[in-house]
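Take a look at the letters that make up each chain.
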Amino acid sequence: MKVVVLILGMVLLVVGAQGGIRLLADHDDAGILSWLPGGFAARLACFAVMAVAGVALAARGSAAMRSSDAGGR
C-alpha cells in the first residue's frame, strides 16, 4: 500500500505540473481538464491542487517506506 501511495503521488505531481505549465504556455490547451467549466483560472487552480496533492501523497508514501525500512534493521 505504501508503494501505491508513493506512485499515485508521483503521477499526480507530474500530471499537475505538466498540465499547469502547458496551460500557462497556451491558455487554450487545457489537456485532461478541457471538460472543466470556469476557464483559465479554474483549470490552473485544479492543476495546482493536483500538483500539491501529489507532493503530499509522495511525501507520505516515502516517509512510510523509510520508517518501515528503519524498523526492519
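Shown above is the structure to which this text applies.
So, here's what we can say about the structure. (Residues numbered from 1 in each chain as written. Predicted model: local features only at pLDDT ≥ 70, side-chain atom pairs only at ≥ 80, totals over all residues. Heavy atoms only, no water.)

From N to C terminus, the protein chain includes two helices and zero strands. Whereas a compact globule of 73 residues would reach a radius of gyration of roughly 11 Å, the protein chain reaches 15 Å, over 25% beyond that. The principal-axis extent of the C-alpha atoms belonging to the protein chain is close to 50 × 20 × 15 Å. Burial statistics for the protein chain: of 73 residues in total, 22% are counted as buried. For the protein chain, the share of sequence-separated contacts (at least 6 apart) that also reach a separation of at least 24 residues comes to 61%. Roughly 4800 Å² of accessible area belongs to the protein chain as shown, and the carbon and sulfur atoms make up 72% of that amount. Side chains of the protein chain give 6 positive and 4 negative charges; the mean places of these two sets differ by 18 Å. (Helix = DSSP H or I, 4+ residues; strand = E, 2+ residues; numbered from the N terminus. Rg over C-alpha atoms; globule rule 2.2 N^0.38 Å. Buried < 20%, exposed > 50% of the residue type's maximum accessible area, 1.4 Å probe, protein only. Contact = heavy atoms within 4.5 Å. Areas by Shrake-Rupley, 256 points an atom, 1.4 Å probe, with all protein chains shown as cover. Lys, Arg positive; Asp, Glu negative; His and termini not counted. Charge placed at Lys NZ, Arg CZ, Asp CG, Glu CD.)

Residue placement: R43 occurs in helix α2 (residues 39-71). Put simply, R43 is tucked away with no salt bridge, and the nearest opposite charge, on D28, sits 6.9 Å away. At 3.0 Å, the side chain of R43 forms a polar contact with the backbone oxygen of L36. When near neighbours in sequence (up to four residues on either side) are disregarded, R43 contacts L23, A30, L33, S34 and L36. (Salt bridge = Lys/Arg side-chain N within 4 Å of Asp/Glu carboxyl O. Polar contact = N/O pair within 3.5 Å; in protein donor to acceptor, adjacent residues only side chain to side chain.)

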